[in-house]
Amino acid sequence: MVRSSFLAILLITTSTLLAYANAFSGEFFQDDYQTLLGDYSLHLYLWPPSNVFTDNLNTRGFAMWTFAINEALSGSTAFSYHIGNVLIHLLSSLLVYSVVRQSINLYCARKNSDTADPTSTEKMEEKSAWTALIVSVLFAVHPIHIQAVTYLSQRSEALMGLLFLATIASLIQAYQNREQIEWKWFWFILSILCCLLGMRSKEAMVVAPLLVLWYDRVFLNDNWKSLCKSHGFYHTILWSTLIFNSSWQAMLPSLNSPSTQSPQVTSSSLESSENSTSVANSSGDSSQDLFVQRGARLSRWEYFQTQPPIILTYIRLVFWPSDLCFDRGHLQPPASWIFWSCAGVLTLFFLLFLIAIFKAPAWGFLGAWFFINLGPRSSFIALENPYFEYRMYLPILSILIPLALGLFYLAGKLQSPKLTRGTILSLFLVLTAVPLMAVTHLRNRIFSDPVLLWSDTVAKAPECGRAYTNLTRALLLTHQPEDELKAVEIGEKAIRLNSGSGKAFNIYGLALQRTGQPEKAIEPYQKAIALEPKLMHPYLNLGNIYSKTDPLKALDYYTKAMKLAPDDPAVQTNYATTMLFNNVEVGKAEQMLIDLANSRSTHIDSRLNLGLYYANQGRYREGIRWGEKVLNINPTHQAAIELIKFCQQKLASSK
């Protein structure tokens, strides 16, 4: 039964959908606000293609193109984005089944090319089918993939994984159709296209040409001469796709040195934070060192020291995913004995991998798949964040495949006339996949609520300052008085743990402001500006504080915010509204609000403030018109209802 591809596809699909059934209710959080809601140019990725294949807008143009599709389908609703992420992961899981099954068949067929024993062929088919099924189901439901699937912004990781696997799957098809020239080149071109799109999905795809070449030599060709003759031109083009990968720019040194009127409605900077810059992004000076990512806080050696225990943690989480953590923060190098002991264990694995390259090439490839896929992010190349679980999206296959092969062998030893190998393997699959699905389901529920997510994170990483900052922010987003009071307490911990972060001080100030303590909020905002002068939010928040007591001082802060974030709707609204209600460049301010309302179909504050201004000026019909535009967006908006009622009364009394 397991040899039926249809049944395998059905099982993989069902398992994936069951594991992620509750992921569709999740909302945007963390970097989603910047990547998805704050990118006001998402629609530009749809056309022209140059915006996908160049760095005009983003270094991950194809990933952004898929987000643009979601925006076109559902606007700012997260549901379609979650469908997209789960669909990408499902397709990746199906490709894992296909690639693993065909790879085992191809390798065994080449090794047994002199044997025409039907029994041997049947055993090989059974081995490849069961191994591929176990690997693909565990890959599909494993909770270590939550970050790459449920966390919308990390679609880039899952999409890169999908395109990496599709590159290899297409190469396999080209090999199997080598006698049919047209089909062979169709699959070659598709493989190259997948690799190219992968380069524009995430920078870690940079290792693909090397691993695809390695795969080709081990599984498809007996020697290098044969490979060069049959696939040399293909690999030449495949390697050329590296020019579309932007990782080089992130690693090379930077060339630049390191910078009684009607009351108007003031847009909150918390909304602006959601739509522009995520508070979880770390601060820090841009490094000018080679192979050090801008924003990294560790040197190459310090970063390298963090990685052996982190890699062993990744491996442990594959077998026992008990303490998955969304963000462990800026980890520091461990004690020397921890580093050297963990490095010793990994060195042993690495030596076995080197031996396998020559003695058992297929096992050697699995070692290469693990170390090379992790290499760009878990070696001496210093990145901003040493630890993220989504980095195991592809390397996990180097663990699952030997596990599945070992289980197949063990089941063969344990089988009996009453207990077949298939029964044993089916029982194992149920006993492992179901608990993993349960953990994935639970983690999805945590990911669906930012307060739960960040509470879980600070419990597992109590020294992670930015986790406290983001928990503060999540509590403020609930708009519940008790949560806002708790946000002040959490915000105090955030600035103690993350005293060098302007974002931490800004969010703490916002918590004070939201709990009726604007005077106390001024100092943290000023501290945020001192730490990060290019951070827009504290300027906007200070403007909000002074908007009622000192409009000209507020306008000064809004002007500074405009210079830093001229396209942010909250900045535009407050800047233009303050000018409008204080008779400063009225024409410019009025047009700015009109343009903002026209460009953002659901933006309420711009429409409401225009209506209030016109009512103040005695232009009641225009006030009614803009009030009605607010009600078109939100029919129960109380301020708009009162505005219209006020204008109608004035018009009636003037008759």
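Owing to the predicted nature of the structure, the values given are computational and were not obtained by experimental measurement.

(A) Seen up close, the overall build of the protein chain. When its secondary structure is counted, the protein chain shows 30 helices and zero strands. The globule rule puts the C-alpha radius of gyration for 655 residues at 26 Å, and the 28 Å found for the protein chain is close to it. Seen along its three principal axes, the alpha-carbon backbone of the protein chain occupies a region of about 100 × 55 × 55 Å. The buried share of the protein chain, reckoned over its 655 residues, is 55%. Entry remark: accessible area of the protein chain is about 28800 Å², with carbon and sulfur atoms responsible for 61%. In the protein chain, which carries 53 positive and 48 negative side-chain charges, the distance between the mean positions of the two groups comes to 5 Å.

(B) Local environment of the packing of helix α14 (residues 300-319) against helix α15 (residues 336-359). It is the contact of α14 with α15, at a shortest axis distance of 8 Å, that shows an interaxial angle of 60 degrees. As for the relative orientation of α14 and α15, their crossing is left-handed in sense. Within the contact between the two elements, α14 uses Trp 301, Phe 304, Gln 305, Pro 308, Pro 309, Ile 311 and Leu 312 and α15 uses Ile 338, Phe 339, Cys 342, Ala 343, Val 345 and Leu 346. The class makeup of the residues in the contact of α14 with α15 is twelve nonpolar, one polar and no charged.

(C) Highlighting empty space enclosed by the protein. As a volume, the largest cavity reaches approximately 60 Å³. If you trace the largest cavity, you find it lined by Phe 29, Gln 30, Tyr 33, Pro 450, Trp 454, Asn 470, Arg 473, Ala 474 and Leu 477. When contributions to the lining of the largest cavity are tallied by element, the ones reaching two or more residues are α19 (450-460) and α20 (465-477). With four residues, α20 is the single largest residue contributor to the lining of the largest cavity. Considered as a void within the structure, the second largest cavity measures approximately 50 Å³ in volume. Taken together, Glu 157, Met 160, Phe 164, Ala 204, Val 207, Asn 373, Arg 377, Arg 391, Leu 394 and Pro 395 form the lining of the second largest cavity.

(D) Spotlight on the packing of helix α28 (residues 604-616) against helix α29 (residues 620-633). Orientation of α28 relative to α29, taken along the N-to-C sense of each, is 160 degrees, at an axis distance of 7 Å. One element, α28, and the other, α29, form an angle in the roughly antiparallel class. Relative to α29, the crossing made by α28 is left-handed. Here Ile 604, Arg 607, Leu 608, Leu 610, Gly 611, Tyr 614 and Ala 615 of α28 lie close against α29, whose contacting residues are Tyr 620, Glu 622, Gly 623, Trp 626, Lys 629, Val 630 and Ile 633. Split by residue class, the contact of α28 with α29 holds nine nonpolar, two polar and three charged.

(E) Spatial organisation of the pattern of salt bridges. As enumerated under the stated definition, the model contains 15 salt bridges in all. Two residues, Asp 323 and Arg 316, come together in a salt bridge whose shortest N-O distance is 3.2 Å. A cluster of three or more residues bridged by salt bridges with shared partners is formed by Glu 157, Lys 202 and Arg 377.

(F) Quick look at helix α23 (residues 518-531). With 14 residues, α23 extends 20 Å between its outermost C-alpha atoms, agreeing within 8% with the 20 Å of an ideal straight helix rising 1.5 Å per residue. Taken together, the buried positions of α23 are Ala 521, Ile 522, Pro 524, Tyr 525, Ala 528 and Ile 529. Here the buried face of α23 lies against α22 (502-514) and α24 (537-546).

(G) The arrangement of the packing of aromatic side chains in detail. If you walk through the whole model with that rule in mind, you get 35 aromatic pairs. Ring centres of Phe 188 and Tyr 234 lie 4.7 Å apart, and the angle between their planes is 20 degrees; this geometry places the pair in the stacked category. Residue Phe 188 is located in helix α9 (residues 181-199), and its partner Tyr 234 is located in helix α11 (residues 224-240); the two are separated by 46 residues in the primary sequence. Looking at Phe 188, the relative accessible area reads 1%, which means it is buried. Three or more aromatic residues joined by ring pairs make a cluster, and in this case those are Tyr 107, Phe 164, Tyr 215, Phe 219, Phe 365 and Trp 369. For the cation-ring pair, Arg 217 lies above Trp 224, with the distance from its terminal atom to the ring centre recorded as 5.9 Å. A cation sits over an aromatic face here: Lys 629 above Trp 626, 4.0 Å from the ring centre.

(H) Broad picture of unusual backbone geometry. Backbone geometry places Asn 583, a non-glycine residue, at a positive phi of 55 degrees. Tracing the sequence through the fold places Asn 583 in the loop between α26 (569-581) and α27 (586-599). Assessed through its relative accessible area of 59%, Asn 583 is described here as exposed.

(I) Inspection of the environment of His 235 at higher detail. Considering the arrangement of structural elements, one finds His 235 in helix α11. Overall, the relative accessible area of 5% leaves His 235 in the buried class. Linking His 235 and Glu 126, residues 109 residues apart in sequence, is a C-alpha distance of 32 Å. When residues no more than four places from it in sequence are discounted, the contact partners of His 235 are Val 212, Leu 213, Asp 216 and Leu 227.

(J) Quick look at the nonpolar core. In this structure, Phe 164, Tyr 215 and Met 392 are the most contacted members of the largest nonpolar core, which totals 195 residues. Sort the elements by how many residues they give to this core and helix α8 (residues 155-176) lands first, with 14 residues. Apart from the residues lying within four places of it in its own chain, the contact partners of Phe 164 are Met 205, Val 207, Ala 208, Leu 211, Val 212, Trp 369, Asn 373 and Leu 394. Leu 298, Tyr 303, Ala 382 and Leu 383 belong to the second-largest nonpolar core, a separate cluster that totals five residues.

(K) Region of the structure containing the side chain of Asn 544. Looking at the secondary structure, you find Asn 544 in helix α24. You can call Asn 544 buried: its relative accessible area is 11%. Polar side-chain contacts of Asn 544 include one of 2.8 Å to the side chain of Asn 574.

(L) Quick peek at a nonpolar patch on the surface. A cluster of nonpolar side chains, Val 345, Leu 348, Phe 349, Leu 352 and Ile 355, forms an exposed patch at the surface whose accessible area comes to about 470 Å². Within the secondary structure, Phe 349 sits in helix α15. Look at Phe 349 and you get partly exposed, because its relative accessible area is 44%.

(M) The arrangement of the confidence of the model for the protein chain in detail. With 90% of its residues at a pLDDT of 70 or more, the protein chain shows a mean pLDDT of 87. Contacts of residues 253-262 to residues separated by more than four positions or lying in other chains number 16 contacts, the stretch itself having pLDDT below 50. For the stretch residues 269-294, pLDDT sits under 50, and the model shows 107 contacts to residues farther than four places along the chain or on other chains.

How each quantity is defined
The residue count restarts for each chain, going from 1 along the sequence in the order it is written. Restriction of local features to residues with pLDDT of at least 70 applies here, the model being predicted, together with a cutoff of 80 or more for giving and counting side-chain atom pairs; totals for whole chains, interfaces and linings are based on all residues. Computation of side-chain values: all heavy atoms of the structure, hydrogens and water removed. Each helix is a run of H or I in the DSSP string that is no shorter than four residues. Each strand is a run of E no shorter than two, and both are numbered from the N terminus. What the globule rule says is 2.2 Å times the number of residues to the power 0.38, and the radius of gyration is computed from C-alpha atoms. Burial classification: accessible surface area is computed with a 1.4 Å probe over protein chains only, and a residue below 20% of its type maximum counts as buried, one above 50% as exposed, and the rest as partly exposed. Surface exposure here means Shrake-Rupley accessible area, sampled with a 1.4 Å probe, where a residue is shielded only by the protein chains that are shown. Within this scheme the basic residues Lys and Arg register as positive and the acidic residues Asp and Glu register as negative, but His and the chain ends are omitted. A single reference atom marks each charge: NZ on Lys, CZ on Arg, CG on Asp, CD on Glu. The axes used here are C-alpha line fits, helices contributing only the stretch in contact, and every angle between their N-to-C directions lies in the interval 0 to 180 degrees. In a left-handed crossing the near helix is turned counterclockwise from the far helix by less than a right angle, and in a right-handed crossing that turn is clockwise. Working rule for contacts: check all heavy atoms of both residues, and any pair within 4.5 Å makes them a contact. Residue classes follow a fixed rule: Ala, Val, Leu, Ile, Met, Phe, Trp, Tyr, Cys and Pro count as nonpolar, while Asp, Glu, Lys and Arg count as charged, and any other residue, Gly among them, counts as polar. In this analysis the probe radius is 1.4 Å and the grid spacing 1 Å, with only protein atoms considered; a cavity is a set of points the probe fits into but cannot get out of, a pocket is an open set with protein on both sides within 12 Å along at least five of seven lines, and lining residues have an atom within 4 Å of a point. Grid points are joined across faces, edges and corners, and a volume is the space filled by probe spheres set on the points. Roughly parallel means an angle under 35 degrees; roughly antiparallel, over 145; roughly perpendicular, 65 to 115; everything else is oblique. Any carboxyl oxygen of Asp or Glu that lies within 4 Å of a side-chain nitrogen of Lys or Arg is treated as forming a salt bridge with it. To estimate the expected span of a helix, subtract one from its residue number and multiply by 1.5 Å. Working definition: rings of Phe, Tyr and Trp (its six-membered ring) pair if their centres are within 6.5 Å, and the pair is stacked with planes under 30 degrees apart, edge-to-face with planes over 60 apart, and tilted otherwise. Criterion for a charge above a ring: Arg CZ or Lys NZ at most 6 Å from the ring centre, at most 35 degrees from the ring normal. Throughout, nonpolar core names a set of buried Ala, Val, Leu, Ile, Met, Phe, Trp, Tyr and Cys residues whose side chains join them through atoms within 4.5 Å. We define a polar contact as two N or O atoms separated by no more than 3.5 Å, with the added condition that, inside protein, one atom must be a possible hydrogen donor and the other a possible acceptor, whereas residues neighbouring each other in sequence contribute only through side-chain atom pairs. Without a salt bridge and with relative accessible area above 30%, a residue can belong to a patch; like charges are then joined within 9 Å and nonpolar side chains (Val, Leu, Ile, Met, Phe, Trp, Tyr) within 5 Å. What pLDDT conveys is the predictor's confidence in a given residue, as a value from 0 to 100.

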